[in-house]
Amino acid sequence: MTLPNTSTPAGPLAGVRVIELGGIGPGPFAGMILADLGAEVVRVDRPAEHGMPSRHPILHRSRRSVTADLKNPRGIEVVLKLIDGADALIEGFRPGVTERLGLGPEVCLERNARLVYGRMTGWGQDGPLAQAPGHDINYIAVAGALAQVGSADGDPVVPLNLFGDMGGGGMLLALGISAALYSARTTGRGQVVDAAMTDGTAIQLALLQGLLRTGRWTEGRGSNLFDGAAPFYRTYRCADGAHMAIGCVEPQFYAETLRILGLTDDPVFAEQNDREAWPRMSERLAALFATRTRDAWAAEFEGSETCVTPVLNWTEAATHPHNAGRGTFRLTDEGYPEPGTAPRFLGTPSGDPVPAGPIGGHTEEVLAELGVGAAELRALRERGVVG
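All values reported here derive from a predicted model rather than from experimental measurement.

Analysis parameters
- Residues numbered from 1 in each chain as written.
- Predicted model: local features only at pLDDT ≥ 70, side-chain atom pairs only at ≥ 80, totals over all residues.
- Heavy atoms only, no water.
- Helix = DSSP H or I, 4+ residues; strand = E, 2+ residues; numbered from the N terminus.
- Buried < 20%, exposed > 50% of the residue type's maximum accessible area, 1.4 Å probe, protein only.
- Contact = heavy atoms within 4.5 Å.
- Areas by Shrake-Rupley, 256 points an atom, 1.4 Å probe, with all protein chains shown as cover.
- Lys, Arg positive; Asp, Glu negative; His and termini not counted.
- Charge placed at Lys NZ, Arg CZ, Asp CG, Glu CD.
- Core = buried A, V, L, I, M, F, W, Y, C linked by side-chain atoms within 4.5 Å.
- Salt bridge = Lys/Arg side-chain N within 4 Å of Asp/Glu carboxyl O.
- Bend = angle between axes of the 7 residues up to and from the residue.
- Phe/Tyr/Trp six-rings, centres within 6.5 Å; stacked < 30°, edge-to-face > 60°.
- Pairing = 2+ DSSP bridges.

Each helix and strand counted, the protein has 15 helices and 11 strands in total. Its C-alpha atoms put the protein at 85 × 50 × 40 Å along the principal axes. In the protein, which comprises 387 residues, the proportion classed as buried is 44%. Considering only contacts in the protein between residues 6 or more positions apart, those separated by 24 or more positions represent 65%. Here the protein displays about 19600 Å² of accessible surface, and carbon together with sulfur accounts for 56% of that area. Here the protein holds 34 positive side-chain charges and 45 negative ones, and the gap between their average locations is 5 Å.

Once that is clear, we can look at the nonpolar core. Formed by 29 residues in total, the largest nonpolar core has its most connected members in Val18, Leu34, Ala39, Ile90, Val116, Leu173 and Ile177. Every element with two or more residues in this core is listed here: helix H1 (26-36), strand E4 (88-91), strand E5 (116-121), helix H6 (162-187) and strand E6 (191-196). A per-element tally of this core places H6 first, with 7 residues. When neighbours within four sequence positions are excluded, Leu173 is seen to be in contact with Ala30, Ile90, Gly118, Arg119, Met120, Val193 and Ala195. Of all hydrophobic cores here, the second largest spans 27 residues; its members include Leu21, Leu70, Val366 and Val372.

For the rest of this paragraph, the subject is the pattern of salt bridges. Close approach of charged atoms allows side chains with opposite charge to pair. Tallied over the full model, the rule gives 19 salt bridges. The closest approach of N and O atoms between Arg64 and Glu369, which form a salt bridge, is 3.1 Å. Taken together, the residues span a long stretch of sequence, with Arg64 in strand E3 (residues 64-67) and Glu369 in helix H14 (residues 363-369) at a distance of 305 residues. Assessed through its relative accessible area of 1%, Arg64 is described here as buried. Because the salt bridges share partners, they merge into one network encompassing Glu20, Arg43, Asp45 and Arg63.

On to H6. The largest bend in H6 is about 30°, located at Leu172. Remark: Gly188 follows H6 within two positions and exhibits a positive phi of approximately 80°.

This part covers the packing of aromatic side chains. Aromatic ring pairs are described here by two measures, namely the spacing of the ring centres and the angle between the planes. According to the stated counting rule, one finds 7 aromatic pairs in the structure shown. Between Trp123 and Tyr139, the aromatic rings sit 4.8 Å apart at their centres with planes inclined by 85°, giving edge-to-face as the arrangement. Of this pair, Trp123 sits in the loop between E5 and helix H5 (136-142) while Tyr139 sits in helix H5, and the two are 16 residues apart along the sequence. Arranged with centres 5.0 Å apart and planes meeting at 70°, the rings of Phe226 and Tyr233 form a pair that is edge-to-face.

A few words now on the pairing of E4. Burial along E4 is two-sided: Ala88 and Ile90 facing one way and Leu89 and Glu91 facing the other are all buried. Note: E4 against E5, 4 bridges, orientation parallel. Paired with Leu89 across the bridge in E5 is Tyr117.

Quick look at the structure:
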């Protein structure tokens, strides 16, 4: 059985078929990445939502949606038929839920030995917290990342849901599934991918924990090179309330930044890595940046080799000349920004993302490909098995 994708026609994963059991956050993000890269992704949603517009039009883009009741044995039969012809599965339930539904790894791999079974959780499939509820903030807290984010005299600052949900979750699962797909192609055997957001957060700390081991990092917020303590690696508020980001770590960039700011001969800035001088440097720079607007400073640094840039909001980022030139974002007709696909592949470029359609909008089409006729489809709908 094949599941032809009517949305994304190209990309390095063209020909790969993925079934995504409806979930929130990192699971759909992994599905979006795989779909963006050309995989044929079919998302399974709840019949109660059939016909509704997606609440996540970007995360759900570039794939088809069917609705099936996973608490109904007939619904499970439908999903198992989808899995029979798939290369990979994405599920984001708590450990043991798909087993109780009859969609666990043993059942699915027995039917489809080459299947890559991707599991997305916060705590992982085992460990003392495996069955505990949680969200991004909890996972990055226990993994040790949250404690390092924020000012020295303040509380930990929530860094959106990027560390856990997206980078440590969905991105990790997409990588794990891709690696397991390669293994399945070479060995003929599928496997389970256990992607936990705590693990994914922890692995992102590799550089900083390496610096800790070599004595170049100290635990505690706002006391290190990359956590806002260094005056040459932080943000500064401008006269209009907007900000500039300064990241002139290397000596040549630091020197050029001082030249543009007129501080080359200022003794306070003579020793870049003098930590005792950092507070005074920060005070002087804060006062200086506060004298002009962000855009005035951005114009001053335009074209320089300083690693100094304006801090942009989402709409500004979408229209910035660099991002616009690469097509990093696009603006919808309503003016909302949407990221393009990443990374770029010169040999197998991905197609343009396709907006998410209504939930369950492809149910009839996909079931027809499974051999479900009109009469059977009516019966399934009447019983609430599908939408």
